[in-house]
Structure formats: C-alpha cells, structure tokens
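Now for the letters of each chain:
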Amino acid sequence: MLSKTVVAVSFLIILLYGNLFIEVEGIGVNWGSQASHPLPPATVVRLLRENGIQKVKLFEADSQILRALSRSGIQVMVGIPNDLLAPIAGSVAVAERWVSQNVSAHVSSNGVDIRYVAVGNEPFLKSFNGTFESITLPALQNIQSALIKAGLASQVKVTVPLNADVYESASNLPSAGDFRAEIRDLMISIVKFLSDNQAPFTINIYPFISLYNDPHFPVEFAFFDGTGSPINDNGRIYDNVLDANYDTLVWSLQKNGFGNMSIIVGEVGWPTDGDKNANMQYARRYNQGFMNRQKAGRGTPMRPGPMDAYLFSLIDEDAKSIQPGNFERHWGIFYIDGQPKYQLSLGNGNGLVPAKGVRHMAKKWCVLAASANLQDPQLGPSVSYACDHADCTSLGYGSSCGSLNLAQNVSYAFNSYYQVSDQLDSACKFPGLSVITTNDPSVGSCKFKIMIKSDSSGSEASAPFTRSVAVLLLLWMCVYIVL
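Scoring rules and cut-offs
- Residues numbered from 1 in each chain as written.
- Predicted model: local features only at pLDDT ≥ 70, side-chain atom pairs only at ≥ 80, totals over all residues.
- Heavy atoms only, no water.
- UniProt positions renumbered as here; feature names shortened; annotations may be inferred.
- Phe/Tyr/Trp six-rings, centres within 6.5 Å; stacked < 30°, edge-to-face > 60°.
- Lys NZ or Arg CZ within 6 Å of the ring centre and 35° of its normal.
- Buried < 20%, exposed > 50% of the residue type's maximum accessible area, 1.4 Å probe, protein only.
- Helix = DSSP H or I, 4+ residues; strand = E, 2+ residues; numbered from the N terminus.
- Arc of directions from axis to C-beta.
- Contact = heavy atoms within 4.5 Å.
- 1 Å grid on protein atoms, 1.4 Å probe; cavity = no way out; pocket = protein on both sides within 12 Å on 5 of 7 lines; lining within 4 Å.
- Points joined across faces, edges and corners; volume = space filled by probe spheres on them.
- Nonpolar A, V, L, I, M, F, W, Y, C, P; charged D, E, K, R; others polar.
- Disulfide = S-S within 2.5 Å.
- Expected span 1.5 Å × (residues − 1).
- Polar contact = N/O pair within 3.5 Å; in protein donor to acceptor, adjacent residues only side chain to side chain.
- pLDDT = per-residue confidence, 0-100.
- Pairing = 2+ DSSP bridges.
- Axes fitted to C-alpha atoms, helices over the stretch in contact; angles between N-to-C directions.
- Parallel < 35°, antiparallel > 145°, perpendicular 65-115°, else oblique.
- Right-handed = clockwise from strand over helix to strand, strands pointing away.

An unreviewed UniProt entry lists the protein under the name glucan endo-1,3-beta-D-glucosidase, with Brassica napus as the source organism. As recorded by UniProt, the Catalytic activity (unreviewed entry) comment attached to the protein reads in full: "Hydrolysis of (1->3)-beta-D-glucosidic linkages in (1->3)-beta-D-glucans."

Rendered as structure tokens:
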C-alpha cells in the first residue's frame, strides 16, 4: 500500500511541476530595477522560473524582490551600490547592519538562497577617476567580517563585479595580459583577499562596448560564428573577443599567482536599441551564439568548459542613466512588459516564455495635433521637456525610430511622456501642439508604446502561495484515495 502511495505522490509532483523547472546549467540573468513601471516582483520570479533560469544577480538589496525570491529555488547574488561603499568601508557596525538586514533576515526567515554579495559595481572604471579605489577593499573586508559573525561565510561569498578595463594587454594578445598599471597593487590585494576566502573573481565583458567605442573594431570578431579574423596567441586560436578578453584576465591572474581562481562573468549581453549596432539581429546573434556555446560546453583556450555567467539583462530599464549611451535602456531580452524581444533558446530547446498576467493601459496615444504649427516656438522646449522626463532613446541615429520625420519625432516624444505619466490627460496638454488619439501612430518597426499598469498587489503576488496550497491539497487527496 505504501509503494502505491509513493508512486501516486511522485507522479503528481511530476505532473504539476515537470514543465516549470527546466534547469539551465550555468546561466543566470541580471535583474535591474531602474524602470518607471517595474513588473511586480512575483511576476518576474515566475518569469524566471518558467524560463528555467536558476540564478539571478541583483544590483541592490530590494526587500520586495528578495521576498519574492523566497523558496523559489533561484540562487541570488545581491549587490551593494557604489554609494554605500564609503559608510560600509568606514564602519564594521554598518557592514554588520547591512548583512543583518539584507542577507541574514532573508536567508533565515524567508528561505532566500543568497550565494554571493557583490560589493560595489565596477568601482574602478576609469571614468570614476579613482573615487572608489581607497574604499572598495575595506568595504569588502568589512562585509566578509559581518558574514563570518553572522555564521554565513561558508554559504555566502563576497565578490566585486569589475569592468574588463581593470586589466590590459600591451600587445593585444591574451598572454600579455596583466592588471592595469595604476591599480595593479590594489587588484592583487583584492584578488588575494578573495582567494583567501574561497571567493570568485567577477568580471563584466561587453564586446558591444568595444564596437561602440571603436568604429574600426572588427564587427565579426564580436560574435561567435567564427567568421572574424582569428588571433593566434602562441598556438591558441581566438575567433571572438569574449574568449580573448576572458583569457587576458586568466593570464593576469596566473601571472600574479592566482591561476586557479574561479571566475564569474557577471554581465554579458547585447542591447537592442539606442545605437546603430544595437538592434534585434545583432542581439539575437550574440546571445544565441553565447547560449549555444554554453550548451555545447565550450570554454576558452585557457579555461575549457562552460562559463559561470549572467546574461545582461533580463528586462529593459527605461529609467536607467544614459550617460554611457542611449543603448543603456535596451539590454533586456524582454521588453518592459515582460514580452520576449526575439526568439532565444536558453538551452532547453524552447523559446522564451512571456510574463503572465501583465496589464496594459488603454490603447490611446498622445501625438502632435494635425493643426499644430511645426514652426511654433514652443515645439522645441515641449519636446525637450517630454524627453527629459521620459524615454526617447529610440529616436537616435541608427535606432529603431531614427528615420521618423519631424512631426513623427514630436509625436513619439509626446507619447513617451504621456505613457510614463500613466496616460493622465494633463500629460498631453502641450499648448496648441498635442492631442490624444486611439489610432496607433506606430511607423514600421518603430513602435509607439503603451505603458503597463505597474501594481505589485493583486493575484499574481499571491500566486506562489496559491500554487503551494493547491499542491498540498492535491497531494493529500491522492494519498487519501490510495490509502
């Protein structure tokens, strides 16, 4: 009788959850939250699970997001923003409070599977002019001490996500790699500390940025098709920039006595808009090429085997800073409403599964009125105001809406502001210039978006609990019937 019960229970579990936990070994995603209308955290967690994503990297310790990840089976890297490095570096007590509130509480009470604390985010970028150089290592040390005191140091490891500009090669060959001269001593101190605590080195590698910064960069060398001119480094052949960049780091570590150190690629991906090289075709080509090599178990000449990596990123962030470039708001493999941008297999043979239960606002848009005068002196200031308070990054040269005429550009700007303002009538009152319409003004591939209703309350937030209750009831019924 007992064996029948076990069989029945096992069958039911497989039936209910068999299609939800398709594991993608070694791949994670970055989940950023700089959006004007973020999806409810529970919706995003369901999106992660239904796409078989088992690891997530967060840029800050958002309590609602961490609670949504409770008992989800998803491994978490939780981040400390750069602006918190100074207080944490200056006080062990501050570090202990941060760990208590943002790690211990969620691990013990909420069952969040936190594996890493990311101390800072690319703190040694050249553009920061050394701002964080003196405080990153002390902050790292204090967080480690706090984890030890909390009894979590064996479960939760510290790391520092770094940009690939922390190392360099004078000859452009990986084997000539070493840490950047002006921070070399600091880097060696950080690497030694990580190594002493069995913690990984985390690096962000962006072939797109190489292409963006250098108009002469060989485009084909950015991808994984093997169509670019290869580099021969003493018999090691490199046919793409990711492998060459990664192995430059491996050589930098090896030369300084840390050749066996584990490496995490904290960010890797390609944007879909905001630049002539940021488009759907290139993004799919790059991300699918990366996933194909992960699935095939291919590594680099210096480190065979799939990388431990996090795709950048999960969902677009329309409120993110565009100081690096307009493309910064378009890294997601999903749009802001959780809809897939393009066909992408994350290793399970299936395409991306869209977010469920997402509600959009009414099908109406704010556009330039037919009676408006394009010579109106208020036109320029109105467009500037709209774009300063909304997202107009798709209007740039080479972008998805870069070929619009003047009137269409104005309409796009007005509508962006109208949508980000929750379609308030007052957000479409540019004097003598704007009007609300129910006719979709989209032009070809340039889509005039309709904003989502961002509401973290509702049925979706309680969905994990509801499913759990349903499972328990069905299991109980099954056991009762069999017995």
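Alright, that's what it looks like, and here's the rest.
K.L.:
How should the packing of aromatic side chains be read in this particular structure?
P.N.:
We describe a pair of aromatic rings using the distance from one ring centre to the other and the angle between the two ring planes. Counted under the stated rule, the structure contains 23 aromatic pairs. In this structure, Lys55 is placed above the aromatic ring of Tyr310, and the distance from its NZ or CZ to the ring centre is 4.9 Å. It is Lys341 that lies over the ring of Tyr335; its NZ or CZ is 5.7 Å from the centre.

K.L.:
Help me out: how do you make sense of helix 11 (residues 379-388) in this one?
P.N.:
A turn of α-helix holds 3.6 residues, and therefore any two residues three or four places apart point the same way. All buried positions along helix 11 are accounted for by Leu379, Ser382 and Ala386. Taken end-on, helix 11 shows its buried residues confined to a sector of 65 degrees, consistent with a single buried face. Buried positions along helix 11 lie against strand 14 (365-368) and helix 12 (406-420).

K.L.:
Explanation requested: the layout of surface pockets in the structure shown.
P.N.:
If a probe the size of a water molecule is rolled over the atoms, the empty space left behind becomes visible. One number sums up the size of the second largest pocket: a volume of about 890 Å³. Put simply, the parts of the chain that give the lining of the second largest pocket at least two residues each are helix 10 (280-295) and helix 12. If one sorts the elements of the lining of the second largest pocket by residue count, helix 12 sits on top with 5 residues. A breakdown of the residues in the lining of the second largest pocket according to their chemical character gives 13 nonpolar, 15 polar and 11 charged.

K.L.:
Is there a simple way to explain the state of the cysteines in this structure?
P.N.:
What the rule picks out here adds up to 3 disulfides. A disulfide bridge connects Cys387 with Cys392, and the sulfur atoms are separated by 2.1 Å. Here the S-S torsion is close to -85 degrees, and the disulfide linking Cys387 with Cys392 is therefore left-handed. With a relative accessible area of 13%, Cys392 lands in the buried category. Here Cys401 engages in a disulfide with Cys446; their sulfurs sit 2.0 Å apart. Its S-S torsion of approximately 100 degrees makes the covalent link between Cys401 and Cys446 right-handed.

K.L.:
I would appreciate a short explanation of helix 9 (residues 241-255) in the present structure.
P.N.:
Compared with the 21 Å implied by 1.5 Å per residue over 15 residues, the 21 Å span of helix 9 between its first and last C-alpha is a close match. The element helix 9 is extensively covered by neighbouring structure, given that 12 of its 15 residues are classed as buried. The set of residues buried in helix 9 consists of Val241, Leu242, Asp243, Ala244, Tyr246, Asp247, Thr248, Leu249, Val250, Trp251, Ser252 and Leu253. Two or three places before Leu242, at the opening of helix 9, Asn240 has a side-chain oxygen 3.1 Å from that residue's backbone nitrogen. Downstream of helix 9 by a residue or two, Gly257 has a phi angle that is positive, lying close to 90 degrees.

K.L.:
Just to check I follow, could you spell out the confidence of the model for the protein for this structure?
P.N.:
Regions with low pLDDT should not have their predicted coordinates read in detail. When pLDDT is averaged along the protein, the result is 90; 89% of the residues meet or exceed 70. Predicted confidence is poor over residues 1-24, with pLDDT under 50, and the contacts of this stretch with residues over four places away or in other chains come to 35 contacts. Every residue in residues 456-483 scores below 50 in pLDDT, and together they form 28 contacts with partners more than four places removed in sequence or on other chains.

K.L.:
Before we go on, may I ask you to explain unusual backbone geometry in this structure?
P.N.:
Excluding glycine, residues mostly have negative phi values, and the peptide bonds linking residues are mostly trans. Between Phe312 and Ser313 the backbone carries a cis peptide bond, its omega angle lying at 0 degrees. Mapped onto the secondary structure, Ser313 falls in the loop between strand 13 (308-311) and strand 14. Look at Asn129: it is not a glycine, yet its phi comes out positive at around 55 degrees. Tracing the sequence through the fold places Asn129 in the loop between strand 4 (113-119) and helix 6 (136-149). Looking at Asn129, the relative accessible area reads 69%, which means it is exposed. Phi is positive for Asn234, close to 55 degrees, though the residue is something other than glycine.

K.L.:
Whenever I open this one, the sheet that holds strand 12 (residues 263-268) confuses me. Can you help?
P.N.:
Backbone hydrogen bonds hold the strands of a sheet together, and the pairing may be parallel or antiparallel. Strands sit in the order 5-4-3-2-1-13-12-9-6 across an open sheet of 9 strands; the sheet is parallel. Edge positions in the sheet fall to strand 5 (157-159) and strand 6 (161-163), since each of these pairs with one other strand and no more. Averaged over all pairs of adjacent strands, the angle between strand axes in this sheet comes to 25 degrees, irrespective of strand direction. Where helix 10 meets the sheet, its contacts fall on strand 1 (27-31), strand 12 and strand 13, and the angle it forms with strand 13 comes to roughly 155 degrees.

K.L.:
How do you make sense of empty space enclosed by the protein when you look at a structure like this?
P.N.:
By the definition in use, this model includes 2 cavities of 30 Å³ or more. Forming the boundary of the largest cavity are Lys57, Leu58, Phe59, Gly79, Ile80, Pro81, Ala118, Gly120, Asn121 and Pro161. At the level of elements, strand 2 (55-58) and strand 3 (75-80) are the ones that each hand at least two residues to the lining of the largest cavity.

K.L.:
Just checking my understanding: could you explain the packing of helix 6 against helix 7 (residues 184-196) for this structure?
P.N.:
Angle between the axes and distance between the axes: these two values describe a pair of packed helices. At their nearest, the axes of helix 6 and helix 7 sit 10 Å apart, and the two run at 10 degrees to each other. As summarised for this structure, helix 6 and helix 7 are arranged roughly parallel, according to the angle between their axes. Listed contacts from helix 7 to Thr136, Leu137, Leu140, Gln141 and Gln144 of helix 6 are Leu186, Ser189, Ile190, Phe193 and Leu194. Tallied by class, residues from the contact of helix 6 with helix 7 come to 6 nonpolar, 4 polar and no charged.

K.L.:
Is there a simple way to explain the pairing of strand 2 in this structure?
P.N.:
Where a strand is regular, its side chains alternate between the two sheet faces. Here strand 2 shows two buried faces, one formed by Lys55 and Lys57 and the other by Val56 and Leu58. Where strand 1 meets strand 2, 4 bridges bridge the pair, whose relative direction is parallel. Among the inter-strand pairings, Val29 is bridged to a residue of strand 2, identified as Val56. Where strand 2 meets strand 3, 3 bridges bridge the pair, whose relative direction is parallel. Pairing of Lys57 across the sheet is with Met77, part of strand 3. Note on the crossover from strand 2 through helix 3 (residues 63-68) to strand 3: the handedness is right-handed.

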